[in-house]
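# Structure assessment
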Amino acid sequence: MVDLEIQDGVAIVTIDNPPVNALSEGVRNGLSEAVQKADADDSANAILIICSGRTYIAGADIKEFGKPPTGVSLFDVHDAMEGASKPIVSAIHGTCLGGGLETALCCHYRVAVASAKFGFPEVHLGILPGAGGTQRLPRIVGVEKSLDMMVSGKPVNARFALENGLIDEIVDDLFEGGMAFAKKAGAESKLVRVRDSSQKLDEAKADPELFDRFRKKIARKARGFDAPEAIIQCVEDTLTHSFDDGIQAERERFMTLVSGAKSEAQRYYFFAERQANKIPDVPKETETIAIEKVGMIGAGTMGGGISMNFLSRGIPVTIVESNQEALDRGVSVVRKNYMRGVKSGRITEEGVDQLMALLTPSLSLEDLADCDMVIEAVFENLDLKKEVFTKLDGIVKQGAVLATNSSALDVDAIAAVTQRPEWVLGTHFFSPANIMRLLEIVRAEKTSKPVLATAMGLARKLGKVPVVSGVCPGFIGNRILFKREVQADKLIYEGATPWEVDEVIYNFGFPMGPFAMGDLAGLDIGWDAESSRGETEIRHKLCELGRRGQKTGSGFYNYDPETRAKTPEPEVEKLISEISGNLGATRREISKEEILERCLYAMINEGARILEEGMSQRPSDIDVVWVNGYGWPVYRGGPMYYADTIGLDRILAKIKEFQAQDNDDFWQPSALIESLVSEGKGFKDMA
Ligand code: 3HC
Ligand code: NAI
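In this text the structure is predicted, and so the values were computed from the model without any measurement.

## Details of the nonpolar core
Within the largest apolar cluster, 85 residues are counted, with the highest numbers of intra-cluster contacts made by Ile49, Met81, Phe118, Val143 and Leu166. Among the elements that take part in this core, helix 10 (residues 227-240) stands out by supplying seven residues, more than any other. Among all residues touching Val143, those that are not within four sequence positions of it are Pro138, Leu201, Ala204, Leu210, Phe211, Val235, Thr238 and Leu239.

What follows is the structure, given as structure tokens:
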């Protein structure tokens, strides 16, 4: 895993631990031995650390967390490096992350190729940089930038790294550049140790409000997480503690975080997201289709947002509408969205023009004939979608992927109207489609493996997180959401207020509860004045009264026109109470515990049914859908992971209790949960 070779007076230490050169036990042992040998070898006056494969060290080996420590510790490796008697230079390419960056910071010098990235993503795993990162980074780039880097977890590029002293030089060629620098450093024989610098810390001492400001800035995003505050405290220590005491405190906080339930859930989630990429019967080598030109049908909310994903990556899109007005409106919304980036400095106006030049508006499906992929995002109406696919079948070249963005409809029925159902699948983007990462890939009965592999690969290229779903109403995400909505509605007819339900769900860690979410999405989705049932459905009643959600200034809540802050509306409580009466429901006080259990266990039971029916490949895929698409707090892993932490036996007992109270079959326990409980197993035990 680690090789040592002397060349031209430089001891070259090469790390080779695919796929990402993680600091596994073998790497730590090998690095420690190689550095000590090289330091003692008189034929070398400098040491160059370089990595094989696609990247420099991308961090500690996450699989080792939670297991008893083995081999040489990373601290001992770092001490040996920092204490070496001759300069150590790291030559960096790919992603230098976490423990990898911490290792680089223990070198006396760092050079990198221009494409390299540097960062501390530990926060995403619910931990902090625990091998000196919180103490060394502020000494180089300063306190404020360190806080930004470590609390956001976002990597910085080589230009930023150079400008902020994180690296000493950008080189054209990794090996040649690294060697040249190492030879120079060897000749000068000067040892620069990050731990000894104090200038950046002195600058921060002049701004004592800095930490409070930072805490306020991140409060909303950091809610519920433990790692951000722990990172801030470690950085505060750099101003008040000696380096060694800071390291000690960092280690203690790291140990607390890494052994906590939140980090365990976040680590589980890291692997769940990667697992979701894998389709057992579609091997990695499956042939894919090159997508170089895309057709989009419908320039509404979704059509515009989906198009932006392609345009932003330089893939031309032809967008087709049914009328000129809708087409113009759709195209102008895309431009407006890009122009927001001009204001924030992310893109120039010329850049926007270049992106817009890739978008060809059209009123004719015939213009999609030579596209490699066509995505349909017209209204959610099965007959309309069938009509569109029938036409597409006669127009689009053979060998193109035909996708529907339906959020719930029968993709098999849509595929069946074509002569090429194996080329059809669902690509269910989430709104706003240019921002949301989740992409449900709906595998229809006849979808071919290359088509599926193409969609998965394309999703990754677009920076999305793809999850495969079978064909069922609402697929994985919305199908589960519907169940939560049913319970949330029942709860308010039985006596809870919408604010109580929302508060329970918010406090669990969701960004908002179901009623606030309804107001945000618009209560009139799917509502029709002609068939409105305001006597028995609160959403219908609110629509009838013009309270259609945030866009009309009121829905369940009233919204401040300036700040959009929401306040509960007592009249809404009265309306709900009247509807309860119409429904013959008995109102009573409902505990927070019951609210939470009914909302979440309804989801878990449905998730189990989805698994039972083979609509999801594995429990963790459901978790990926809910964390990415619906704001399930990642530090609780996802609904299926959470179910295991509660215990399926307890959940089953509760489901049966709810079932006994209800007259309908809503709470019919999933057969999968029953069988897992009878075997003493959880979802995690499903192979
Ligand atoms: N440990 C163990 N396995 C890892 C890993 C790590 N740090 N990083 C990636 N892997 C594995 C993945 O699970 C995946 O395995 P699979 O092929 O069996 O599914 C494989 O490596 C490739 O990973 P990706 O699919 O994510 O590859 P990409 O090319 O898309 O991305 C990457 C590469 C940017 C390095 C990304 O993998 C990543 O972000 N990795 C995590 C980096 C990280 O969090 N580092 C900090 C670790 S904690 C730490 O260092 C603590 C320290 O402070 C003490
Ligand atoms: P929308 O109403 O904003 O846009 C639909 C567009 O399709 C309209 O501009 C309409 O003029 C156009 N259209 C209708 N018939 C057409 C035809 N025959 N040819 C060309 N254009 C035609 O709808 P939205 O929200 O964009 O939804 C589109 C699809 O995406 C639906 O299937 C919906 O269920 C799905 N979806 C919507 C999400 C959302 O949050 N809005 C999220 C995920 C999926």
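## Observations regarding the pairing of strand 3 (residues 46-51)
In the case of a regular strand, side chains alternate between the two sheet surfaces. Across the six residues of strand 3, six count as buried, placing the element largely inside the fold. Here strand 3 shows a buried face lined by Ala46, Leu48 and Ile50 and a second buried face lined by Ile47, Ile49 and Cys51. In this structure, strand 2 (residues 10-15) lies alongside strand 3, joined through six bridges in parallel fashion. For Ala11, the partnering residue across the bridge sits in strand 3 and is Ile47. Following the backbone out of strand 2, through helix 1 (residues 25-40) and into the adjacent parallel strand 3, one traces a crossover that is right-handed. A crossover connection joins strand 3 to the parallel strand 4 (residues 88-92) through helix 2 (residues 74-82); in handedness this β-α-β unit is right-handed.

## What to know about the site of ligand 1
In the vicinity of ligand 1 lie 23 residues, with Arg54, Gly99, Glu122, Arg274 and Lys278 positioned nearest. For ligand 1, a nitrogen atom lies 2.8 Å from a polar atom in the backbone of Ala60. Within the side chain of Glu102, an N or O atom sits 2.8 Å from an oxygen atom of ligand 1. Going through the elements one at a time, strand 5 (95-97), helix 3 (99-105) and helix 12 (261-275) are the ones with two or more residues in the shell around ligand 1. Broken down by element, the residue count for the shell around ligand 1 peaks at three residues, all from helix 12. Looking at side-chain class alone, the shell around ligand 1 contains 12 nonpolar, five polar and six charged residues.

## A look at the packing of helix 4 (residues 133-141) against helix 10
Put simply, helix 4 and helix 10 touch, their axes get as near as 9 Å, and they point 60° apart. The orientation of helix 4 relative to helix 10 falls into the category oblique. The handedness of the crossing between helix 4 and helix 10 comes out as right-handed. Judged by residue contacts, Thr134, Gln135, Pro138 and Arg139 of helix 4 engage Cys234, Val235, Asp237 and Thr238 from helix 10. Per-class residue counts for the contact of helix 4 with helix 10 are three nonpolar, three polar and two charged.

## Thoughts on the domain arrangement of the chain
The assigned domain composition of the chain is domain 1 (2-258), domain 2 (294-473), domain 3 (478-503 + 519-583) and domain 4 (592-686). Taking only C-alpha atoms, the centre of domain 1 and the centre of domain 4 are 41 Å apart.

What counts, and at which threshold
- Residues numbered from 1 in each chain as written.
- Chains lettered and ligands numbered in written order.
- Predicted model: local features only at pLDDT ≥ 70, side-chain atom pairs only at ≥ 80, totals over all residues.
- Heavy atoms only, no water.
- Core = buried A, V, L, I, M, F, W, Y, C linked by side-chain atoms within 4.5 Å.
- Buried < 20%, exposed > 50% of the residue type's maximum accessible area, 1.4 Å probe, protein only.
- Helix = DSSP H or I, 4+ residues; strand = E, 2+ residues; numbered from the N terminus.
- Contact = heavy atoms within 4.5 Å.
- Pairing = 2+ DSSP bridges.
- Right-handed = clockwise from strand over helix to strand, strands pointing away.
- Near = heavy atom within 4 Å.
- Polar contact = N/O pair within 3.5 Å; in protein donor to acceptor, adjacent residues only side chain to side chain.
- Nonpolar A, V, L, I, M, F, W, Y, C, P; charged D, E, K, R; others polar.
- Axes fitted to C-alpha atoms, helices over the stretch in contact; angles between N-to-C directions.
- Parallel < 35°, antiparallel > 145°, perpendicular 65-115°, else oblique.
- Left-handed = near helix turned anticlockwise from the far one by under 90°.
- Domains from an automatic or database assignment.

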